[in-house]
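Observations on chain architecture
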Amino acid sequence: MKLETLQPIGAFKIRGATYAMSKLSESQKANGVVTCSTGNHGRGVAYAGNRLGIRTTVCMSELVPENKVAAIRELGADVRIIGISQDEAEIEALRLVEEEGLSYLPPFDHPDIIAGQGTIGLEILHDLPDADIIFGGLSGGGLLAGIGVAMKAVNPDILIYGVTMENGAAMMASLDAGKPVQVPEAESYADSLGGGIGLDNAYTFEMIGRLMDKGFLVDEKHIATEMAGFIENEKWCSKALPLLDPQRLSNTG
Ligand SMILES: *Cc1c(COP(=O)(O)O)cnc(C)c1O
């Protein structure tokens, strides 16, 4: 297990956000960055902006729950509440790009975001040079595209397997259709894996088609069983992690 749950925001998204933001030009850094993700990517961007001294703006709709708004605000982002749908929030984000010169950082379909997530693959190779199969979560595909490029460059025989929920698996449906398609969004325990891949997908659709060796769809019952197993057998629980001291955990194995 590569426990990215131990990252400061509880997910690997700080890798892509930090790398992409560190590669901005000085004037882009001065103008700041905008995103409309309210999930782990939004938190990653806010966290990275805080650390790198880059102003970040996260556009979201009135429907986003107060605790999510507060979590992103706490990381230092300027939160703009616009309209009652994610689409309206996105329009505002694009307006800030056009009119105020902010840089837009999408959650997965961007070369530097993909490269940043790919550092996970390099770390696995460093720790486990004999790794032969990697299972990873699949949503927009930035994570596995990055890991796939990084690991297959070193060892072309490594197999990359994507795992996603049965309900609303946009990348898997797109691969089946041979082009990016939209699927109805459904509630899932795997709440970080929702959302589409973008009908105008530029990178991850092609990369996942080329680099992912197999995809697995998991139903809600199995997701729930494994989550419970993780808590019961491995004593890992992402919700409880902020309460634990990562330093102590890694010292005690
Ligand atoms: C973003 C995310 C994923 C999926 O990453 P993609 O690059 O969109 O495929 C998987 N798990 C968690 C916890 C995430 O935050």
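For the structure itself, look to the data block above.
Keep in mind the model is a prediction, meaning the values are calculated, not measured.

**Regarding the sheet that holds strand β2 (residues 56–60)**
Spatially, four strands are ordered β3-β2-β1-β4 in an open sheet, and the strand pairing comes out parallel. Bordering the open sheet on either side are β3 (78–81) and β4 (103–104), each of which pairs with just one other strand. One ladder, built from four bridges, connects β2 with β3; its direction is parallel. Looking at β3, one finds that Met-60 is bridged to Ile-81. Helix α5 (residues 86–100) contacts β1 (33–35), β2, β3 and β4 of the sheet and is inclined by roughly 145° relative to β2.

**Examining the site of the ligand**
With respect to spatial proximity, the complete set of residues near the ligand consists of Phe-12, Lys-13, Asn-40, Leu-138, Ser-139, Gly-140, Gly-141, Gly-142, Leu-143, Ser-192 and Leu-193. Contact between the ligand and Lys-13: an oxygen atom at 2.7 Å from a side-chain N or O atom of the residue. Isolated, the ligand exposes 380 Å² of accessible area, and the fraction of that covered by the protein chains is 85%. Partitioning the shell around the ligand into residue classes produces four nonpolar, six polar and one charged.

**A few points about the packing of helix α7 (residues 142–154) against helix α9 (residues 204–211)**
Helix-helix packing: each pair is described by the crossing angle between the helix axes and the interaxial distance. As a packed pair, α7 and α9 sit with axes 9 Å apart at the nearest point and diverge in direction by 50°. Accordingly, the angle class assigned to the pair α7 and α9 is oblique. As α7 runs across α9, the sense of the crossing is left-handed. Every residue of α9 that contacts α7 at Gly-142, Leu-144, Ala-145, Gly-148, Val-149 and Lys-152 is listed here: Thr-204, Met-207, Ile-208 and Leu-211.

**Points about the pairing of strand β5 (residues 133–137)**
Only one face of β5 is buried, namely the one carrying Ile-134 and Gly-136, since none of Ile-133, Phe-135 and Gly-137 on the opposite face is buried. Where β5 lies against strand β6 (residues 159–165), five bridges are found, and the strand directions are parallel. Paired with Ile-134 across the two strands is Ile-160, which belongs to β6. Handedness of the crossover joining β5 and β6 through α7 is recorded here as right-handed.

Calculation rules
- Residues numbered from 1 in each chain as written.
- Predicted model: local features only at pLDDT ≥ 70, side-chain atom pairs only at ≥ 80, totals over all residues.
- Heavy atoms only, no water.
- Pairing = 2+ DSSP bridges.
- Helix = DSSP H or I, 4+ residues; strand = E, 2+ residues; numbered from the N terminus.
- Contact = heavy atoms within 4.5 Å.
- Axes fitted to C-alpha atoms, helices over the stretch in contact; angles between N-to-C directions.
- Near = heavy atom within 4 Å.
- Polar contact = N/O pair within 3.5 Å; in protein donor to acceptor, adjacent residues only side chain to side chain.
- Areas by Shrake-Rupley, 256 points an atom, 1.4 Å probe, with all protein chains shown as cover.
- Nonpolar A, V, L, I, M, F, W, Y, C, P; charged D, E, K, R; others polar.
- Parallel < 35°, antiparallel > 145°, perpendicular 65-115°, else oblique.
- Left-handed = near helix turned anticlockwise from the far one by under 90°.
- Buried < 20%, exposed > 50% of the residue type's maximum accessible area, 1.4 Å probe, protein only.
- Right-handed = clockwise from strand over helix to strand, strands pointing away.

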